[in-house]
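# A structural walkthrough
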Amino acid sequence: MKFKVFVDGQHGTTGLKIHEMLENRDEIELLTISEKDKKDIEKRKELLNSADLVFLCLPDEASKESVSLINNENVKVIDASTAHRTNPSWVYGVPELTSRQRDKIKNSKRVCVPGCHASGLIVAMKPLFRNKILGKNFKLICHSITGYSGGGSSMISDYENGSFEILGGQRPYALGLNHKHLPEMKYVLKTNKAPIFTPSVGNFKQGMLVISYIEKEKMKKRLNRDELLKVYKNYYKDELFIKIIENNDEYLDSGFLNPMKCNNTNSLEISIYENKTDLVVISRLDNLGKGASGAAIQCMNIMLGLEERKGLQIANN
């Protein structure tokens, strides 16, 4: 049996990557639409309703429009946009989130894939809030650096054809402290306060680090690094795509943390650093992998009853 899959928005960065990951899978029949027809609502509607599963790789409003065009109740949808990430009718696409999340994804017809920054932050911080190590009023302070591929075709062109002197090595953005991933961070972590979060784009194509800072005196349970490692290892035990780093010295490249070491995989690695007063928790992932297309494929595998890791790579760092 072949599953019919349609990628609505197949010409964008995430859509292209999903197509690439699925095109040689024997159990998948990819339904396609030409570039000239992608704005033809009737043709899109026909494809949306004839698929077993649809990926939406579109801007928010276009994503909502596509959902409204689906009248076949058997069609499963995975949305990669921001449109439905805080909608309780949709399941958040992190199977590792809680012990029940995988079953929720399996039994749902509406799943939203997290943002890449949100994925790194939520996977790193969820065990701390679930175990009441951090309280609901704790104000997270986070920073991330990501490859320019997450910015779409225009940004990719700027970096690959532009001047380093103009683009620089790292460019912070969303400096109004209103990044579009903030609502889902607060919603999924179930905190009373949104994080202070500043993302930045690095002068590399793919990969990312999401960095969270914690003052020990503000923790509800004051645990040190070794104690936190036990919490993380227990929370994510048996999870193929989540790796907890125990030996930081072996993890670093000459004392530096390389954001690209999980590229072309669906892995997310968590490392912890400390001094007497503070902790730093860092997620490393591929912004196009576990941060986007890889996460979408993982959810698809679960929703279609396939092997969860099929078509996905695990980092060997």
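The structure under discussion appears in the preceding block.
A brief look at the structure comes next. In this text the structure is predicted, and so the values were computed from the model without any measurement.

Cut-offs used in this document
Within every chain, residues take consecutive numbers counted from 1 along the sequence as written. With pLDDT at 70 or above as the cut-off, local features in this predicted model cover only qualifying residues; side-chain atom pairs require 80 or more to be listed or tallied, and sums for whole chains, interfaces and linings still use all residues. Side-chain metrics in this entry use all non-hydrogen atoms of the structure; hydrogen atoms and water are not considered. Partly exposed residues are those whose accessible area sits between 20% and 50% of the maximum for their type, while under 20% is buried and over 50% is exposed, using a 1.4 Å probe and protein chains only. Under the DSSP-based scheme used, a helix requires at least four consecutive residues in state H or I and a strand at least two consecutive residues in state E, with every element numbered from the N terminus. The criterion for strand pairing is that DSSP finds at least two bridges linking the strands in question. Any cysteine sulfur atom paired with another within 2.5 Å is treated as part of a disulfide. To obtain each axis, a line is fitted to C-alpha atoms, and for helices this fit is confined to the stretch in contact; angles are then taken between N-to-C directions over 0 to 180 degrees. Left-handed is the label given to a crossing in which the near helix is rotated counterclockwise from the far helix by less than a right angle, and right-handed is the label when the rotation is clockwise. Here, two residues are considered to be in contact whenever any of their heavy atoms come within 4.5 Å of each other. Throughout, the ten residues Ala, Val, Leu, Ile, Met, Phe, Trp, Tyr, Cys and Pro are labelled nonpolar, Asp, Glu, Lys and Arg are labelled charged, and all others, Gly among them, are labelled polar. Side-chain atoms alone can form a polar contact between residues adjacent in sequence; in general such a contact is a pair of N or O atoms within 3.5 Å, and within protein one must be able to donate a hydrogen while the other accepts it. Every patch collects residues that have over 30% relative accessible area and no salt bridge, joining them within 9 Å if they carry like charges and within 5 Å if they are nonpolar side chains (Val, Leu, Ile, Met, Phe, Trp, Tyr). All accessible-area figures derive from a Shrake-Rupley calculation using a 1.4 Å probe, and residue coverage is judged against the displayed protein chains alone. Any Lys or Arg side-chain nitrogen found within 4 Å of a carboxyl oxygen on Asp or Glu counts as a salt bridge. A residue counts as positive if it is Lys or Arg and as negative if it is Asp or Glu; His and the chain ends are not included. One atom stands in for each charge, and that atom is NZ of Lys, CZ of Arg, CG of Asp or CD of Glu. Between the rings of Phe, Tyr and Trp (Trp by its six-membered ring), a pair exists once the centres lie within 6.5 Å; its type follows the angle of the planes, with under 30 degrees stacked, over 60 edge-to-face, and the other angles tilted. By definition here, a helix of n residues has an expected span of 1.5 Å times n minus one. The angle between axes fitted to the seven-residue stretch ending at a residue and the seven-residue stretch beginning at it gives the bend at that residue.

The next point concerns the pairing of strand β9 (residues 196-202). Here β9 lies mainly inside the structure; five of its seven residues are buried. Pairing analysis gives six bridges linking strand β7 (residues 141-146) to β9, with the strands arranged parallel. Note on β9: the bridge partner recorded for I141 is I196. Relative to β9, strand β8 (residues 170-172) runs antiparallel, the two being bridged by three bridges. By the bridge assignment for β9, R171 is matched with V201.

Quick look at the state of the cysteines now. Scanning the entire structure with this criterion turns up zero disulfides. The thiol sulfur of C299 is not disulfide-bonded, and the nearest other cysteine sulfur, from C112, lies at 8.7 Å. You can call C299 buried: its relative accessible area is 0%.

Their axes nearest at 9 Å, the elements helix α2 (residues 41-50) and helix α3 (residues 60-69) cross at an angle of 65 degrees. The way α2 lies across α3 gives a crossing that is right-handed. On α3, the residues touching I41, R44, K45, L48 and N49 of α2 are A62, E65, S66 and L69. Looking at the contact of α2 with α3, its residues break down into four nonpolar, two polar and three charged.

The next subject is the side chain of H117. Mapped onto the secondary structure, H117 falls in helix α5 (residues 116-130). At 3.1 Å, the side chain of H117 forms a polar contact with the side chain of Y173. Not counting the four nearest positions on each side in its chain, H117 is found in contact with S144, T146, Y173, H179, H181, M185, F197, P199, M208 and V210.

Another point: a positive patch on the surface. A contiguous patch of positive charge on the surface is contributed by R100, K104, R130, K132, K136, K190, K220 and K221. Residue position: R100 is located in the loop between β5 (91-92) and α4 (101-106).

Considering all chains together, one arrives at two aromatic pairs under this definition. When the centroid spacing of 4.8 Å and the interplanar angle of 5 degrees are considered together, the rings of Y148 and Y159 count as stacked. A residue pair is termed long-range when its members are at least 10 positions apart, and Y148 in the loop between β7 and α6 (152-161) and Y159 in helix α6 qualify at eleven residues. Residue class for Y148 comes out buried when judged on its relative accessible area of 9%. Relative to Y236, the ring of Y235 lies with its centre 5.0 Å away and its plane at 75 degrees, an arrangement referred to as edge-to-face. The class for Y236 is buried, based on a relative accessible area of 4%.

There is a patch of nonpolar side chains on the surface, built from I141, L177, I196 and Y213 and spanning about 340 Å² of accessible area. The topology assignment puts L177 in the loop between β8 and α8 (182-189). Accessibility expressed as a relative area gives 45% for L177, which makes it partly exposed.

The mixed open sheet is built from seven strands, whose spatial order is β8-β9-β7-β10-β13-β12-β11. Looking at which strands have only one partner, the edges of the open sheet turn out to be β8 and β11 (242-244). The mean angle between the axes of side-by-side strands here comes to 20 degrees, regardless of whether they run parallel or antiparallel. The pairing of β7 with strand β10 (residues 208-215) spans six bridges and is classified as antiparallel.

With that settled, consider the sheet that holds strand β1 (residues 3-8). In spatial order, the strands read β2-β1-β3-β4-β6-β5; together these six strands make up an open sheet with parallel pairing. The two strands at the open ends of the sheet, each matched to only one other strand, are β2 (28-31) and β5. Alignment of β1 against β2, held across four bridges, turns out to be parallel. Paired with F3 across the bridge in β2 is I28. Against the sheet, α2 engages β1, β2 and β3 (53-56), with an angle of about 140 degrees to β1.

Its 15 residues give α5 an end-to-end C-alpha distance of 21 Å, which sits within 8% of 21 Å, the value for a rise of 1.5 Å per residue. Along α5, the sharpest change in direction is near 30 degrees and occurs at A124; proline P127 comes one to four residues later. For α5, a buried count of 14 out of 15 residues is recorded, marking the element as mostly surrounded by other parts of the structure. Positive phi appears at K132, one or two residues downstream of α5, with a value of about 55 degrees.

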